[in-house]
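Here is how the chains run, residue by residue.
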Amino acid sequence: MAHDETLAALAALARDKKVDLVFEGGAVWGTALVGALCVLEEQGYRPQNIAGTSAGAIVAALVAAGYSGSDIRDVMFRQNFSALADPTWEARIPVIGVPLSVIRHLGIHKGDVVLGLLRKHLAAKGVRTFKDLVHPEYADQPAYRYRLQVIASNITDRRLLVLPRDAAVLGVAPDDLEVALAVRMSMSIPLFFKPIHQRNKSARRTVLVTDGSMLSNFPVWLFDSGGVPEWPTFGLRLVEDDPRSELISELPPAQHKRGIGGLIEFAKSLLHTMMDAHDRMYLETDTFVRTITIPTMGVPSTDFNLTPETLNKLYESGRNAAQEFLATWSFEDYIAEFRSGRKAPDRRVETGVLMRENAKARSSQSLKVPPSSAG
């Protein structure tokens, strides 16, 4: 009887179609994320908690603020992407400009245009700080207080930042942290955009914050609870080929040059490896069956000179990937295969505890062959 009641409860939750969403980073590939989001909304899914890294943080912030997938699509299709790349004055100097900008600012572009646009679009929905994104049902629960979680990398202390919960490291109360600034921190693509130097006045120190993808480009673990989840978490991941392929096939070919140019290319290769490898081990577990893998159609992630045709190609890729995923997805099957036999759900479990548990699980399962799809 108890088993039947559990199945009935899960069926009711499936009909309700609440979902937590985690968006992977990928610069201009964000358009593909929006395509998948539109399909989820068309199928009745209602995002509850949203997280993202880099470009994924931009999409996540807009969703948390109240924009629909079609709203975001319209914004992106009207946007001149080339205008988002705002080079420093040093980077405009022929020949020596780019390396000079990297040496002086640790990046080629200022990122001011993106920050300004984020502030504009969030303000249109009445959102400025994370206090404006407090989840009314979980306002007293630190792990789920905010509808939005943004991943960034604290280079000074060599640690992952989950914002706004880790805002104290930056010298700001979580409620008072500006949403647009947090997203700008998360999307500080190494070498491409300048990192953020955040002054912590109380600690009398400056924290260097850069792209969250350096430490976790696909934080699908973020909303996991210790027991049977009340609703699913879907990860939206951007892939260049078969998502189960070897990591090396997804990385750009290494360039062997000498001098300043060679140094920059070498740094890029290291960063690409870090950004894609950090979450690969976890993707090889049960995470794969709740991940919408979206092909990026051969479009370079930092190609800001996108044509309308290329934008539409990425958008349609996201739509197709979401439709294929939903055709086989079953929340009940996922619970039965991967989450059965655990204690009752408890959304009050602190994420720090969950992260340690997941780290242990990843370590013990890293050599196992992943099971087949739950659908």
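Up top is the structure these notes are about.
Residues numbered from 1 in each chain as written. Predicted model: local features only at pLDDT ≥ 70, side-chain atom pairs only at ≥ 80, totals over all residues. Heavy atoms only, no water.

A. Fine view of the packing of helix α4 (residues 69–78) against helix α10 (residues 308–328). For the pair α4 and α10, the least separation of the axes is 10 Å and the interaxial angle reads 155°. When the axes of α4 and α10 are compared, the pair comes out roughly antiparallel. Between α4 and α10 lies a crossing whose hand is right-handed. Contacts between α4 and α10 pair R73, M76 and F77 from the former with P308, L311, N312 and Y315 from the latter. Split into classes, the residues belonging to the contact of α4 with α10 amount to five nonpolar, one polar and one charged. (Axes fitted to C-alpha atoms, helices over the stretch in contact; angles between N-to-C directions. Helix = DSSP H or I, 4+ residues; strand = E, 2+ residues; numbered from the N terminus. Parallel < 35°, antiparallel > 145°, perpendicular 65-115°, else oblique. Left-handed = near helix turned anticlockwise from the far one by under 90°. Contact = heavy atoms within 4.5 Å. Nonpolar A, V, L, I, M, F, W, Y, C, P; charged D, E, K, R; others polar.)

B. Expanded view of helix α11 (residues 331–339). Restricting attention to buried positions, one finds in α11 the residues F331, Y334, I335, F338 and R339. The buried residues of α11 all sit within an arc of 105° when viewed along its axis, so they share a single face. (Buried < 20%, exposed > 50% of the residue type's maximum accessible area, 1.4 Å probe, protein only. Arc of directions from axis to C-beta.)

C. Fine view of the pattern of salt bridges. Enumeration according to the criterion identifies nine salt bridges in this entry. Close ionic contact of D74 with R73 constitutes a salt bridge, the shortest N to O distance being 3.9 Å. A salt bridge links R159 to D166, with the nearest nitrogen and oxygen atoms 3.7 Å apart. (Salt bridge = Lys/Arg side-chain N within 4 Å of Asp/Glu carboxyl O.)

D. Local environment of the side chain of T53. Mapped onto the elements of the fold, T53 is located in strand β2 (residues 46–53). Discounting residues that sit within four places of it in the chain, T53 has contacts with F23, E24, G25, I151, S186, D211, G212, S213, S216, N217 and P219.

E. Quick peek at the packing of aromatic side chains. For the structure on display, the rule yields 10 aromatic pairs. Where F77 meets Y315, the ring centres are 6.0 Å apart and the plane angle is 90°; that geometry is what we call edge-to-face. Of this pair, F77 sits in helix α4 while Y315 sits in helix α10; the two residues are 238 residues apart in sequence, bridging distant segments of the chain. Of the aromatic side chains, those joined through ring pairs into one cluster are Y45, F234, F325, W329, F331 and Y334. Above the plane of the ring of Y315 lies R73, whose end atom (NZ or CZ) is 4.8 Å from the centre. (Phe/Tyr/Trp six-rings, centres within 6.5 Å; stacked < 30°, edge-to-face > 60°. Lys NZ or Arg CZ within 6 Å of the ring centre and 35° of its normal.)

F. A look at helix α2 (residues 30–42). Here α2 spans 19 Å end to end across 13 residues, near enough to the 18 Å set by a 1.5 Å rise per residue. Most of α2 sits inside the fold, with 11 of its 13 residues counted as buried. Within the span of α2, buried status applies to G30, T31, A32, L33, V34, G35, A36, L37, C38, V39 and L40. Looking one or two residues beyond α2, the residue adopting positive phi is G44, at roughly 95°. (Expected span 1.5 Å × (residues − 1).)

G. Quick peek at the pairing of strand β9 (residues 233–239). With seven of seven residues buried, β9 is to be regarded as a mostly interior element. On β9, burial covers both faces: T233, G235, R237 and V239 on one face and F234, L236 and L238 on the other are all buried. Two strands pair when backbone bridges link them, and strand β1 (residues 18–23) and β9 are joined in this way by four bridges, in the parallel orientation. Its bridge partner lying in β9, F23 is registered against L236. The sheet contact formed by β9 and strand β10 (residues 291–295) spans five bridges and is parallel. (Pairing = 2+ DSSP bridges.)

H. Representation of the packing of α2 against helix α3 (residues 55–65). It is the contact of α2 with α3, at a shortest axis distance of 9 Å, that shows an interaxial angle of 40°. Judged by the angle between their axes, α2 and α3 are oblique. Once α2 is placed against α3, the crossing between them reads as right-handed. Residue-level contacts link G30, L33, V34 and L37 of α2 to A55, G56, V59 and V63 of α3. Of the residues assigned to the contact of α2 with α3, the class counts are six nonpolar, two polar and no charged.

I. Examining the pairing of β2 more closely. Burial analysis of β2 places seven of its eight residues in the buried class, the great majority of the element. Taken together, the five bridges between β1 and β2 define a ladder with parallel strand orientation. Residue pairing in the sheet places L21 in a bridge with I50 of β2. Once you follow β1 into α2 and on to β2, the crossover reads as right-handed. For β2 and strand β4 (residues 148–154), the ladder comprises four bridges, and the chain directions are parallel. (Right-handed = clockwise from strand over helix to strand, strands pointing away.)

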